[in-house]
Amino acid sequence: VEGGVGLQHGHCDDPFCRNGGALAGDGLYCHRGNIVSCSGQGAPSLFRSCSDIRHRIGDCTRTEHYTCAGSHPSPTCRFLGSTTSCTRRRRRR
């Protein structure tokens, strides 16, 4: 839904729950890589984010990658793997 002025500005409606995404009815589903909750004809609400997790280790950053896996009624965040990137600091002379 778009339109409106000031505090009554529009928002984007996500029809996932009512347009075939929630085939088993109310409950938890994978949608756009996260776990969402569907209830009735409303838009999905975020139940659990399956986003990346970053860990700083010295001059390196290790990123663990996750996505939603499984199906209704018990989707989970599944680990996909990890990547590491390091920055090398110059030594002062």
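The structure we're discussing is the one just above.
Read on for a plain summary of the structure.

### Quick word on the packing of aromatic side chains
Here's step 1: Inspection of every chain in the model, using the stated rule, returns two aromatic pairs.
Here's step 2: Here the aromatic rings of F16 and Y29 are separated by 6.2 Å at their centres, their planes lie at 75°, and the arrangement is edge-to-face. Taken together, the residues span a long stretch of sequence, with F16 in the segment before β1 (27–31) and Y29 in strand β1 at a distance of 13 residues.
Here's step 3: A relative accessible area of 15% means that F16 is categorised as buried.
Here's step 4: By relative accessible area, Y29 is classed as buried at 6%.

### As for the environment of T63
Here's step 1: Topologically, T63 is positioned in strand β5 (residues 60–69).
Here's step 2: Taking C-alpha positions, T63 is 6.5 Å from D52, a pair spaced 11 residues apart along the chain.
Here's step 3: With residues near it in sequence (within four places) discarded, T63 still touches D52, I53, R54, G81, S82 and T83.

### Looking at the sheet that holds strand β2 (residues 34–38)
Here's step 1: Strand order in the open sheet formed by three strands is β1-β2-β3, and the pairing between neighbours is antiparallel. Edge positions in the sheet fall to β1 and β3 (45–48), since each of these pairs with one other strand and no more. Recorded for the sheet is a direction-independent mean angle of 45° between the axes of neighbouring strands.
Here's step 2: In terms of strand pairing, β1 meets β2 through five bridges, oriented antiparallel. Residue pairing for β2: H31 is matched across the bridge by N34.

### A look at the pattern of salt bridges
Here's step 1: Under the criterion given, the structure shown has three salt bridges.
Here's step 2: For R18, the salt bridge is made with D13, and the minimal N-O distance between the two is 2.0 Å.
Here's step 3: Accessibility expressed as a relative area gives 33% for D13, which makes it partly exposed.
Here's step 4: Between R32 and D14 there is a salt bridge; the shortest N-O distance is 3.6 Å. Taken together, the positions of R32 in the loop between β1 and β2 and D14 in the segment before β1 put the pair 18 residues apart, joining distant regions of the chain.

### Remarks on the side chain of E64
Here's step 1: Topologically, E64 is positioned in strand β5.
Here's step 2: A residue is classified by how much of its surface remains accessible, and E64, at 14% relative accessible area, is buried.
Here's step 3: Within the structure, the side chain of E64 is placed 3.5 Å from the side chain of H55, a separation counted as a polar contact.
Here's step 4: Within the structure, the side chain of E64 is placed 3.0 Å from the side chain of Y66, a separation counted as a polar contact.
Here's step 5: In contact with E64, other than residues within four places in its own chain, are D52, I53, H55, F79, G81 and S82.

So, how was this worked out
- Residues numbered from 1 in each chain as written.
- Predicted model: local features only at pLDDT ≥ 70, side-chain atom pairs only at ≥ 80, totals over all residues.
- Heavy atoms only, no water.
- Phe/Tyr/Trp six-rings, centres within 6.5 Å; stacked < 30°, edge-to-face > 60°.
- Helix = DSSP H or I, 4+ residues; strand = E, 2+ residues; numbered from the N terminus.
- Buried < 20%, exposed > 50% of the residue type's maximum accessible area, 1.4 Å probe, protein only.
- Contact = heavy atoms within 4.5 Å.
- Pairing = 2+ DSSP bridges.
- Axes fitted to C-alpha atoms, helices over the stretch in contact; angles between N-to-C directions.
- Salt bridge = Lys/Arg side-chain N within 4 Å of Asp/Glu carboxyl O.
- Polar contact = N/O pair within 3.5 Å; in protein donor to acceptor, adjacent residues only side chain to side chain.

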